[in-house]
Amino acid sequence: MNLFRVGRFRPEPALGQFLAWMAGAALTLSASAEELTRYSFERAAMGVPFRLTFYATDQALAQSASDAAFDHVATLNSILSDYEPESELSRLSRTAGSGKTIPVSQALWQVLESSQKLAEQSGGAFDITIGPIVDVWRRARRQRALPGERVLGIARHRAGFRHLELLPSEKSVRLLRSSMRLDLGGIAKGYVAGEAVAFLRARGISRALAAASGDIVAGDPPPGTRGWRIALATLASPHPEQPAVSGQVLALANAAVSTSGDTYQYVEIEGVRYSHIIDPRTGDAIRERRLVTVVAPDGVTADGLDTAASVLGISAGLELIENTPGASARFQHIVEGEVSTSHTSRWPTLPWE
Ligand code: AMP
Ligand code: MG
């Protein structure tokens, strides 16, 4: 979905050079004041158009950094994907109910640990064991028919974050019930976007932005600016199925922004619109039109919170984000055909353009 404006595929001229003023001394050229050019690359990854935009000194370096970063993204996807049957996540899901404790990679451990923490904090509104229930609703979407009570009941029995046991001392995991299935769709893209920015930074490219559709992570800002310009999407009325640009533009640096909503992924059955986001506490798909945008210090936090707040709704959702250090959010929903917008107390103090 949505959201940010950057050049497409072609290098753009450098925005400027940096001069560093050394206190008490003459004007000095900073060591990092070389000529930087903006590059943008896009590939399909994690089921979305995944874009990397960054500043580098030349085309050859940019191309090789982009290739390596996209390889890294592909590796992470082969760990975290619930679509790929041989991903580490899918193999872990297949051990459900076996009683086995499975050691996992650092990447999977980090996402599982963040997810379980958020499950606790959100009172179970965010829950990565939701896989079986998501499957039921995906089938409903294909068949355009609501799932039956019995089918949903069975799926609900196979879900529940308390049946996912993490053993920190050995970074291993046990899925306590049989036929459990983990789904990281609500949190993995933000994590991987953050890892892509960190990967580029480790190669000396610090002015970078990674965008996995609506999950965006920014590193250092473009030269001479406060941050990356990110135009936020908004719910639009009276045609709420069409996302629009809100006119609000963030200047984001060393932070993340994620947007969650049902603009593209929903099914309409008998005039009711069912989102791809599920309330794990009931097994029901969210029916209210909601769009949540979260700004947080890192991608995994922003992405997890946007999904959690979409489930919790305006009051509990904003409270959860208010209580998360460094996080702020805007929440939109439709009330009597009109868009209603609320935000956390820190939202207006974000670096707006
Ligand atoms: P997002 O766009 O970040 O809100 O993620 C939506 C995706 O998260 C869905 O397509 C599901 O794969 C997954 N999901 C749906 N409901 C939940 C939930 N309550 N907790 C965690 N993940 C969920
Ligand atoms: Mg999310």
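Note: the structure precedes this text.
Residues numbered from 1 in each chain as written. Chains lettered and ligands numbered in written order. Predicted model: local features only at pLDDT ≥ 70, side-chain atom pairs only at ≥ 80, totals over all residues. Heavy atoms only, no water.

## Concerning the overall build of the protein
Then step 1. Counting secondary structure elements, the protein contains 8 helices and 19 strands.
Then step 2. Classification of the 353 residues of the protein by burial places 54% in the buried group.
Then step 3. Nonlocal contacts in the protein, meaning residues at least 24 apart in sequence, comprise 62% of its contacts between residues at least 6 apart.
Then step 4. A total of about 15800 Å² of accessible surface is found on the protein, and carbon and sulfur atoms cover 52% of it. (Helix = DSSP H or I, 4+ residues; strand = E, 2+ residues; numbered from the N terminus. Buried < 20%, exposed > 50% of the residue type's maximum accessible area, 1.4 Å probe, protein only. Contact = heavy atoms within 4.5 Å. Areas by Shrake-Rupley, 256 points an atom, 1.4 Å probe, with all protein chains shown as cover.)

## What about the nonpolar core?
Then step 1. Counting 69 residues, the largest nonpolar core has Phe-50, Phe-54 and Leu-184 as the members making the most contacts within it.
Then step 2. Broken down by element, the residue count for this core peaks at 8 residues, all from helix H1 (residues 59-80).
Then step 3. Not counting residues within four places of it along the chain, the set of residues in contact with Leu-184 comprises Leu-80, Leu-89, Leu-108, Val-111, Leu-112, Ser-115 and Ile-128. (Core = buried A, V, L, I, M, F, W, Y, C linked by side-chain atoms within 4.5 Å.)

## Re the coordination of the magnesium ion (ligand 2)
Then step 1. Coordination of the magnesium ion (ligand 2) by the protein is provided by Gly-186 (O), Asp-303 (O), Asp-303 (OD), Asp-306 (OD) and Thr-307 (OG1), with metal-donor distances spanning 2.1 to 2.4 Å.
Then step 2. Of note is the magnesium ion (ligand 2), whose 6 donor atoms meet at the metal with angles of 66 to 172° in an arrangement that counts as irregular.
Then step 3. Each donor residue of the magnesium ion (ligand 2) lies on the same chain, and together they follow the pattern G-x116-D-x2-D-T.
Then step 4. A relative accessible area of 1% means that Asp-306 is categorised as buried. (Donors = N, O, S within 2.8 Å, 3.2 Å for Na, K, Ca; no water. Tetrahedral: all angles 85-135°; square planar, octahedral: opposite > 155°, others 65-115°.)

## Some remarks on the site of ligand 1
Then step 1. Around ligand 1 sit 16 residues, and of these Ala-125, Asp-183, Ser-260, Ile-278 and Thr-307 come closest.
Then step 2. Contacts to ligand 1 include Ala-125, whose backbone N or O atom sits 2.9 Å from a nitrogen atom.
Then step 3. Within the side chain of Asp-306, an N or O atom sits 3.4 Å from an oxygen atom of ligand 1.
Then step 4. For ligand 1, the accessible surface in isolation is 500 Å², of which the surrounding protein chains cover 93%.
Then step 5. When residues of the shell around ligand 1 are assigned to their parent elements, the largest contribution, 4 residues, is made by helix H7 (residues 299-312).
Then step 6. When the residues that make up the shell around ligand 1 are grouped by side-chain class, the tally is 7 nonpolar, 5 polar and 4 charged. (Near = heavy atom within 4 Å. Polar contact = N/O pair within 3.5 Å; in protein donor to acceptor, adjacent residues only side chain to side chain. Nonpolar A, V, L, I, M, F, W, Y, C, P; charged D, E, K, R; others polar.)

## Notes on the pattern of salt bridges
Then step 1. The tally for this structure, following the rule as stated, stands at 12 salt bridges.
Then step 2. Between Arg-181 and Asp-135 there is a salt bridge; the shortest N-O distance is 2.8 Å. Residue Arg-181 is found in the loop between strand E7 (172-175) and helix H6 (188-202), and its partner Asp-135 is found in helix H4 (residues 131-143); the two are separated by 46 residues along the sequence.
Then step 3. We classify Asp-135 as partly exposed; its relative accessible area is 25%. (Salt bridge = Lys/Arg side-chain N within 4 Å of Asp/Glu carboxyl O.)

## Some thoughts on the side chain of Lys-189
Then step 1. Along the chain, Lys-189 turns up in helix H6.
Then step 2. Look at Lys-189: it is buried, it has no salt bridge, and the nearest opposite charge is Asp-215 at 4.1 Å.
Then step 3. Those residues in contact with Lys-189, other than ones at most four positions away along the chain, are Met-46, Val-48, Ala-212, Asp-215 and Asp-303. (Lys, Arg positive; Asp, Glu negative; His and termini not counted.)

## Some thoughts on H6
Then step 1. Between its terminal C-alpha atoms H6 stretches 21 Å, which fits the 21 Å expected from 15 residues at 1.5 Å a residue.
Then step 2. Buried residues of H6: Ala-188, Lys-189, Gly-190, Tyr-191, Val-192, Ala-193, Gly-194, Ala-196, Val-197 and Leu-200, and no others.
Then step 3. Contact partners of the buried residues in H6: strand E4 (48-56), H1, helix H3 (106-121), strand E8 (208-212), strand E9 (215-218) and H7.
Then step 4. With its phi angle positive at about 90°, Gly-204 sits one or two positions after the end of H6. (Expected span 1.5 Å × (residues − 1).)

## Structural notes on the sheet that holds strand E5 (residues 102-103)
Then step 1. The sheet built from 3 strands is open, its strands ordered E5-E7-E6 with antiparallel pairing. Of all strands in the sheet, those with a lone pairing partner are E5 and strand E6 (164-167), marking the two edges.
Then step 2. Across 4 bridges, the pairing between E6 and E7 is antiparallel. By the bridge assignment, Leu-166 is partnered in E7 with Val-173.
Then step 3. Contacts from H3 reach E6 and E7, with the element oriented near 120° to E6. (Pairing = 2+ DSSP bridges. Axes fitted to C-alpha atoms, helices over the stretch in contact; angles between N-to-C directions.)

## Focus on the packing of H1 against H6
Then step 1. Contact geometry of H1 with H6 gives a least axis separation of 10 Å together with a crossing angle of 145°. In terms of crossing hand, the pair formed by H1 and H6 is right-handed. Packed against H1, whose contacting residues are Ala-65, Ala-68, Ala-69, His-72, Val-73, Leu-76 and Leu-80, the element H6 presents Ala-188, Tyr-191, Val-192, Glu-195, Ala-196, Phe-199 and Leu-200 at the interface.
Then step 2. Of the residues belonging to the contact of H1 with H6, the class tally is 12 nonpolar, 1 polar and 1 charged. (Left-handed = near helix turned anticlockwise from the far one by under 90°.)

## Some words on H7
Then step 1. Given a rise of 1.5 Å per residue, 14 residues ought to cover 20 Å, and the 20 Å separating the end C-alpha atoms of H7 matches this to within 8%.
Then step 2. Counting buried positions along H7 gives 13 out of 14 residues, so the element sits mostly inside the fold.
Then step 3. Capping the start of H7 is the job of one residue whose side-chain oxygen sits 3.3 Å from the backbone nitrogen of Val-300: Asp-298.
Then step 4. Of the residues flanking the end of H7, it is Gly-313, one or two places downstream, whose phi is positive at about 85°.

## Looking at the sheet that holds strand E18 (residues 328-335)
Then step 1. Read across the sheet, 8 strands follow the order E3-E4-E8-E9-E12-E17-E18-E19 without closing on themselves; strand pairing throughout is antiparallel. Every other strand in the sheet has two partners, leaving strand E3 (37-45) and strand E19 (338-343) as the edge strands with one partner each. Sheet twist, expressed as the average angle between the axes of neighbouring strands with direction ignored, equals 10°.
Then step 2. As judged from the 4 bridges shared by E9 and strand E12 (residues 255-261), these two strands associate in the antiparallel manner. The partner of Ile-216 across the bridge, within E12, is Val-257.
Then step 3. Along the sheet, H7 contacts E9, E12, strand E17 (290-296) and E18; its crossing angle with E17, the most-contacted strand, is approximately 150°.

These figures capture arrangement, not role.
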